[in-house]
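Okay, here's what each chain looks like letter by letter:
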Amino acid sequence: MTKTALVAGATGITGQAIATLLHAQGWRVLGLARNPLPLPGVEPIAADLTDATATAPALAGHRPDAVFVTTWLRRATEQENIAVNAAMVRNLLRAVEPAGSVGHVALVTGLKHYLGPFEAYGQGNLPDTPFREDQARLPLDNFYYAQEDELFAAAQRSGFAWSVHRPHTVIGKAVGNAMNMGTTLAVYATLCRELGRPFHFPGCAAQWNGLTDMTDARQLAQQLLWATTTPAAANQAFNCANGDIFRWRWMWPRLAQWFGVEPAGFDGSVRPLADQMAGDAPVWRSIAAREGLAEADLTRLASPWHTDADLGRPIEVVTDMARSRSLGFTGYQATDTAFFDLFAQLRAERLIP
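Conventions and cut-offs
Every residue gets a number counted from 1 within its own chain, in the order that chain's sequence is written. Reporting in this predicted model follows two pLDDT cut-offs: at least 70 for local features of residues, and 80 or more for side-chain atom pairs to be given and counted; totals over whole chains, interfaces and linings ignore these cut-offs and use all residues. Computation of side-chain values: all heavy atoms of the structure, hydrogens and water removed. The helix count covers DSSP runs of H or I at least four residues long, the strand count covers runs of E at least two residues long, and both are numbered beginning at the N terminus. Put simply, the radius of gyration uses C-alpha atoms, and a globule should come to 2.2 Å times the residue count raised to 0.38. Relative accessibility under 20% of the residue-type maximum defines a buried residue, over 50% an exposed one, and the middle range a partly exposed one, all with a 1.4 Å probe and only protein chains included. Only the protein chains shown count as cover for residues, with accessible areas throughout obtained via the Shrake-Rupley method and a probe of 1.4 Å. Note on terminology: disulfide denotes any pair of cysteine sulfur atoms within 2.5 Å. Under the pairing criterion, centres of Phe, Tyr and Trp rings, with the six-membered ring standing for Trp, must be within 6.5 Å; the plane angle then separates stacked pairs below 30 degrees from edge-to-face pairs above 60, leaving the rest tilted. Note on geometry: axes are lines fitted to C-alpha atoms, helical ones only across the stretch in contact, with angles between N-to-C directions running from 0 to 180 degrees. Roughly parallel refers to an angle under 35 degrees, roughly antiparallel to one over 145, roughly perpendicular to one between 65 and 115, and oblique to any angle outside these ranges. Throughout, a residue-residue contact means that at least one pair of heavy atoms, one from each residue, lies within 4.5 Å. Ten residue types, Ala, Val, Leu, Ile, Met, Phe, Trp, Tyr, Cys and Pro, are classed as nonpolar, four, Asp, Glu, Lys and Arg, as charged, and the remainder, Gly among them, as polar. Here a salt bridge means any side-chain nitrogen of Lys or Arg lying within 4 Å of a carboxyl oxygen belonging to Asp or Glu. This arc describes the spread of directions from the helix axis toward the C-beta atoms.

Asker: Summarise the overall build of the protein chain; cite the residues concerned and give the values.
Answerer: Assigned secondary structure in the protein chain consists of 15 helices and 13 strands. Radius of gyration (C-alpha) of the protein chain: 20 Å, near the 20 Å computed for a compact globule of 353 residues. Reported as C-alpha extents along the three principal axes, the dimensions of the protein chain are approximately 60 × 45 × 35 Å. In the protein chain, which comprises 353 residues, the share counted as buried stands at 57%. Roughly 14,100 Å² of accessible area belongs to the protein chain as shown, and the carbon and sulfur atoms make up 50% of that amount.

See the structure below:
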């Protein structure tokens, strides 16, 4: 019998990846978004999760077996982040509660669980790396914790199983996404090539020299599906990374080579992308017009603030995946290949020249 999945945030990086995988695996996929996009095999549902009175009727009549929560909104302060993102999880889970059909809810959060919220990102007394799922919450307000608490409360009311997934920086395709390092670096490299600028590493010494990992959206989707269909994985939190580790001083020349630009490594000066790309919107519009690109608005493709936050962290960040590995999740993805696959997809879809 065909199972039905509800993907909240179906137009985002993770949402598109899990929707694509579920469809390929024979699931019926309902894709919820404020402004749904046409996605192969996905039945669109338009709903604003911040509005409980609109969410409930939008989902009335649907009986999902599994729910994947992959969406969030960014606000100016962490208290505002907590209010809006907790409400979105609460409104979604209350809306599907009357059907009584949900067996599993998977919530995607991330490493800010260990690194702290945007207001204190990578600061203060942080747990040792590699980050492990059993490390205690930080003594800071964090919208990820509020989302989890809404999930736990709903699970207690309704009796469904849950899983929480904590990826590192996610590599994947989406337009208009608030956190998108892969596409941001692709746009940055394209601009450097266009303008003859050096392809400077924008981060700090700790990131240039230290070890790190990342998460391909396809790897995260595989873990989401695995946790949903594996009884032993119920009611647990899982880190999710590609399985390899690297140093940016190794990765940066590889990215430069793909775009045909000369890499300029870290020379002791931090050069944030927010500064480097501050005046590039007209240049991108010109490139888009000349090359017939699908998106001429630079702000819809690049999120310099997020890339700067990740590449400016003063600590080495790697994640431990022993919990899911011990339960049978064996997914692996080389991170350089993840970048190259994304770049090829962006070029094929006319998002970069």
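Asker: Can you lay out the state of the cysteines for me, pointing to particular residues and giving the numbers?
Answerer: Using the criterion set out here, one finds zero disulfides in the structure. Counting only cysteine sulfurs, Cys 204 is the nearest neighbor of Cys 192, a cysteine outside any disulfide, at a range of 19 Å. Look at Cys 204 and you get buried, because its relative accessible area is 12%.

Asker: How would you sum up unusual backbone geometry? Please name residues and give values.
Answerer: Going from Thr 129 to Pro 130, the amide bond is cis rather than trans, its omega being 0°. Mapped onto the elements of the fold, Pro 130 is located in the loop between helix H4 (112-115) and helix H5 (143-158). One non-glycine residue with positive phi stands out, namely Arg 350, at about 60°. Overall, the relative accessible area of 31% leaves Arg 350 in the partly exposed class.

Asker: Quick rundown of the packing of aromatic side chains? Include the residues and the values.
Answerer: Following the criterion strictly, the structure yields 20 aromatic pairs and no others. Aromatic side chains Trp 72 and Phe 118 sit 6.0 Å apart centroid to centroid with 35° between the ring planes, which places their arrangement in the tilted category. On the criterion of sequence distance, the pair formed by Trp 72 in the loop between strand S4 (66-69) and helix H3 (78-96) and Phe 118 in the loop between H4 and H5 is long-range, its members being 46 residues apart. On the accessibility criterion, Phe 118 (22% relative accessible area) is partly exposed. Each ring, one from Phe 199 and one from Trp 252, has its centre 4.2 Å from the other, and the planes form 5°; the classification is stacked. In this pair, Phe 199 is assigned in strand S8 (residues 199-200) and Trp 252 in helix H9 (residues 248-259), connecting sequence segments 53 residues apart. Judged on exposure class, the residue Phe 199 and its partner Trp 252 are both buried. One aromatic cluster is present, built from ring pairs that chain together Tyr 188, Phe 199, Phe 201, Trp 208, Phe 246, Trp 248, Trp 252, Trp 258, Phe 259, Phe 339 and Phe 343.

Asker: How would you explain the packing of helix H6 (residues 181-195) against helix H11 (residues 281-291) if you had to name every residue and give the values?
Answerer: At their nearest, the axes of H6 and H11 sit 11 Å apart, and the two run at 85° to each other. What the angle tells us is that H6 and H11 run roughly perpendicular. Facing Val 187, Thr 190, Leu 191, Glu 194 and Leu 195 of H6, the residues of H11 in contact are Val 283, Trp 284, Ile 287 and Arg 290. In terms of residue class, the contact of H6 with H11 is made up of six nonpolar, one polar and two charged.

Asker: Give a description of the pattern of salt bridges that names residues and reports values.
Answerer: Tallied over the full model, the rule gives 16 salt bridges. Close ionic contact of Asp 341 with Arg 218 constitutes a salt bridge, the shortest N to O distance being 3.0 Å. A residue pair is termed long-range when its members are at least 10 positions apart, and Asp 341 in helix H15 (residues 335-348) and Arg 218 in helix H8 (residues 217-229) qualify at 123 residues. When the shortest N-O distance is used, the salt bridge between Arg 254 and Asp 336 registers 2.8 Å. Note that Arg 254 is positioned in helix H9 and Asp 336 in helix H15, a separation of 82 residues in sequence. What emerges from the salt-bridge pattern is a single network uniting Arg 137, Glu 148, Asp 149 and Arg 166.

Asker: So, H11: which residues are in play, and what are the values?
Answerer: Residues of H11 that are buried: Trp 284, Ile 287 and Ala 288. One side of H11 holds all its buried residues, which, seen down the axis, span an arc of 100°. Residues of H11 that are buried in the fold lie against H6 and helix H12 (298-301). Of the residues flanking the end of H11, it is Gly 292, one or two places downstream, whose phi is positive at about 70°.

Interpretation note: all reported values are geometric properties and have no functional meaning in isolation.
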